[in-house]
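# Inside the fold
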Amino acid sequence: MIPDVNYWAVIVATLSTLVVGSVWYTPRVFGTRWMRLANVDREAAEARGVWPIVVTVIVSFLTAWVLAGAVFIAWRFYEGSFLSAAVVTGVLLWIGFTAARMITHDAFEGRPPSLTTLNLAHELVTILVMSVIIGVWPPAGV
């Protein structure tokens, strides 16, 4: 089976990661705390220019595309609501891949648990927003 993917939903879900990240990491929300916990130097971060944003857009597109395909497969298998399939699939993929792998890496790298929690929460919100966008904007014929 080849998953039917709504590429407009994938593009909007991709762009949503920039909005979520911009809000999440603003100094007034979690940005200052994140920079302190992650030992990020503001000047060094600014010197990197737009490259981190370019990387974010590319990997966010891949994430949204894979998520949309996985949602379609899950929806075909379980039937029911496309939105429910999207949210459940997104959360399960976040638990099984993002959270599990990030916790493992952070444990070996000795990162503070509060940093891991902050980053995991950001990733969960990002995936939930992507899932809702994909779920409310299914492929044609769904």
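Residues numbered from 1 in each chain as written. Predicted model: local features only at pLDDT ≥ 70, side-chain atom pairs only at ≥ 80, totals over all residues. Heavy atoms only, no water.

## As for the overall build of the protein
Helices and strands together make up the secondary structure of the protein, namely six helices and zero strands. Along the protein, from the amino end to the carboxyl end, the secondary structure elements read α-α-α-α-α-α. Seen through its principal axes, the protein has C-alpha atoms that stretch 50 × 30 × 25 Å. Expressed as a percentage of the 142 residues in the protein, the buried residues total 32%. In the protein, the share of contacts with a sequence separation of at least 24, taken over all contacts with a separation of at least 6, comes to 76%. Approximately 8,800 Å² of the protein is accessible, and the part contributed by carbon and sulfur atoms is 69%. Placing the 8 positive and 8 negative side-chain charges of the protein at their respective mean positions leaves the two points 6 Å apart. (Helix = DSSP H or I, 4+ residues; strand = E, 2+ residues; numbered from the N terminus. Buried < 20%, exposed > 50% of the residue type's maximum accessible area, 1.4 Å probe, protein only. Contact = heavy atoms within 4.5 Å. Areas by Shrake-Rupley, 256 points an atom, 1.4 Å probe, with all protein chains shown as cover. Lys, Arg positive; Asp, Glu negative; His and termini not counted. Charge placed at Lys NZ, Arg CZ, Asp CG, Glu CD.)

## Concerning the packing of helix α4 (residues 51-78) against helix α5 (residues 82-109)
Running from N to C, α4 and α5 point in directions that differ by 120°, and their axes come no closer than 9 Å. Our classification of the angle between α4 and α5 gives oblique. Handedness of the α4/α5 crossing: right-handed. In contact with Leu67, Ala70, Val71, Phe72, Ala74 and Trp75 of α4, α5 contributes Phe82, Ala85, Ala86, Thr89, Gly90 and Leu93. (Axes fitted to C-alpha atoms, helices over the stretch in contact; angles between N-to-C directions. Parallel < 35°, antiparallel > 145°, perpendicular 65-115°, else oblique. Left-handed = near helix turned anticlockwise from the far one by under 90°.)

## Notes on the packing of aromatic side chains
Applying the stated rule across the entire model yields five aromatic pairs. Here the aromatic rings of Trp24 and Phe30 are separated by 4.6 Å at their centres, their planes lie at 40°, and the arrangement is tilted. The buried category is assigned to Trp24, whose relative accessible area is 12%. With a centroid separation of 5.9 Å and 45° between ring planes, the pair formed by Phe72 and Trp75 is classed as tilted. (Phe/Tyr/Trp six-rings, centres within 6.5 Å; stacked < 30°, edge-to-face > 60°.)

## Observations concerning α4
One full turn of an α-helix is made of 3.6 residues, so residues set three or four places apart face in the same direction. Relative to the 40 Å expected for 28 residues at 1.5 Å per residue, α4 spans 40 Å between its end C-alpha atoms, a close match to the ideal helical length. Restricting attention to buried positions, one finds in α4 the residues Ser60, Ala64, Leu67, Ala68, Gly69, Val71, Phe72, Ala74 and Trp75. Contact partners of the buried residues in α4: α1 (7-24), α5 and α6 (113-136). One or two positions beyond α4, positive phi appears at Glu79, with a value near 60°. (Expected span 1.5 Å × (residues − 1).)

## Overview of the nonpolar core
For soluble globular proteins, the rule of thumb is that nonpolar side chains tend to be buried together. The biggest cluster of nonpolar side chains holds 20 residues, and the ones touching the most others in it are Ala13, Val71, Phe82, Met130 and Ile134. For this core, the secondary structure elements donating two or more residues are α1, α4, α5 and α6. If one sorts the elements of this core by residue count, α4 sits on top with six residues. The residues touching Val71, leaving out its near neighbours within four places in the chain, are Phe82, Ala85, Ala86, Thr89 and Ile134. (Core = buried A, V, L, I, M, F, W, Y, C linked by side-chain atoms within 4.5 Å.)

## Details of the packing of α1 against α6
How two helices pack is summed up by the angle between their axes together with the distance between the axes. Closest axis-to-axis distance for the α1/α6 pair is 9 Å, and the angle between their directions is 150°. With respect to α6, the axis of α1 lies roughly antiparallel. Considering only the axes of α1 and α6, their crossing is right-handed. Residue-level contacts link Ala9, Val12, Ala13, Thr14, Ser16, Thr17, Val20, Gly21 and Trp24 of α1 to Leu118, Ala121, His122, Val125, Thr126, Val129, Met130, Ile133 and Ile134 of α6.

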